[in-house]
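# Coordinate analysis (summary)
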Amino acid sequence: MKSKWMLALLGVLAVVGVYAGTVLATPPSGQSTTTLAKAPFEPFNLKAKSDPPGVWKARLKTKGTSDLYVIDNTFQPGGTSGWHSHPGPSFVFVVSGTITNTMKMHRHCMSQDYSAGTGFVDPGGDHLHMIQNNGQVAARTIAVQFLPVGATRRIDEDDPCS
């Protein structure tokens with residue numbers, strides 16, 4: 001008799017766990033996404049320097065094949081990307097309007113506004129963020145993403161700031 005109750009309890013807990021996981025995720029709303037380009041790139045090791053020396057340097061190195069994406073996002077007024085992460089870095093350009101990027105940094109949450117003509121880097125990995133359009137007009141971003149070949153481009157996450 002005890003084993004029947006234990007099995008019933010485990011079944012209820014499993015259903016509650018699945019339901020909670022579904023409810024806690026924060027899906028996009030008022031956002032449309034178009035993949036403009038996707039291509040695999042073999043490993044690369046790029047180094048660039050400016051003239052005069054020491055003023056500016058850049059280095060980008062990958063191991064293994066990468067999938068590079070160019071993503072076009074439009075956010076309607078009040079639209080949001082929902083909380084998510086990416087397995088690799090993204091360079092995000094704000095093309096029109098203004099967006100708010102809210103991110104989880106260690107144990108703190110912070111927000112930064114970006115308007116047309118500005119941009120930011122999302123480092124990817126365990127860096128969670130959410131983009132919102134708090135303005136009165138549509139906002140548009142273009143993102144260039146570097147991901148491990150075959151990786152899921154976007155991972156929906158629970159709200160870490162509530």
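Residues numbered from 1 in each chain as written. Predicted model: local features only at pLDDT ≥ 70, side-chain atom pairs only at ≥ 80, totals over all residues. Heavy atoms only, no water.

### Thoughts on the state of the cysteines
This model, assessed by the stated rule, comprises 1 disulfide. Here Cys109 is linked by a disulfide to Cys161, with a sulfur-sulfur distance of 1.7 Å. Disulfide Cys109 to Cys161: torsion about the S-S bond roughly -90°, handedness left-handed. With a gap of 52 residues between them, Cys109 in strand S8 (residues 108-115) and Cys161 in the segment after strand S12 (155-156) connect regions that are remote in the sequence. Cys109 gets classed as partly exposed once you look at its relative accessible area, which sits at 35%. (Disulfide = S-S within 2.5 Å. Helix = DSSP H or I, 4+ residues; strand = E, 2+ residues; numbered from the N terminus. Buried < 20%, exposed > 50% of the residue type's maximum accessible area, 1.4 Å probe, protein only.)

### Some remarks on the pattern of salt bridges
In this structure the tally under the stated criterion is 2 salt bridges. Of the charged contacts, one joins Arg140 and Asp72 as a salt bridge, the two residues approaching to 2.9 Å between their closest N and O atoms. Highlighted residues: Arg140 in strand S11 (residues 139-148) and Asp72 in strand S4 (residues 66-80), separated in sequence by 68 residues. For Arg140, a relative accessible area of 31% gives the class partly exposed. On the accessibility criterion, Asp72 (12% relative accessible area) is buried. Residue Asp156 pairs with Arg154 through a salt bridge whose shortest N-O separation is 2.8 Å. Here Asp156 falls in the partly exposed class, since its relative accessible area comes to 40%. (Salt bridge = Lys/Arg side-chain N within 4 Å of Asp/Glu carboxyl O.)

### Topic: the side chain of His129
For His129, the location among the structural elements is in strand S10 (residues 129-132). Not counting residues within four places of it along the chain, the set of residues in contact with His129 comprises Gly82, Trp83, His84, His86, Asn101, Thr102, Met103 and Asp122. (Contact = heavy atoms within 4.5 Å.)

### Here we look at the pairing of strand S3 (residues 57-61)
Judged by how many residues are buried, S3 sits mostly at the surface: 0 of 5 residues are covered. Pairing of strand S2 (residues 45-49) with S3 involves 5 bridges; the strand directions are antiparallel. Note that in S3 the partner of Ala48 across the bridge is Ala58. (Pairing = 2+ DSSP bridges.)

### Some remarks on the nonpolar core
Of all hydrophobic cores here, the largest spans 12 residues; its members are Tyr69, Ile71, Phe75, Val92, Val94, Ile99, Tyr114, Phe120, Ile131, Ala139, Ala143 and Leu147. Mapped by element, the contributors of at least two residues to this core are S4, strand S6 (90-96) and S11. Beyond its immediate stretch of four places on either side in the chain, Leu147 contacts Ser66, Asp67, Tyr69, His86, Pro87, Gly88, Thr152 and Arg153. (Core = buried A, V, L, I, M, F, W, Y, C linked by side-chain atoms within 4.5 Å.)

This is a description of form; function is not addressed.
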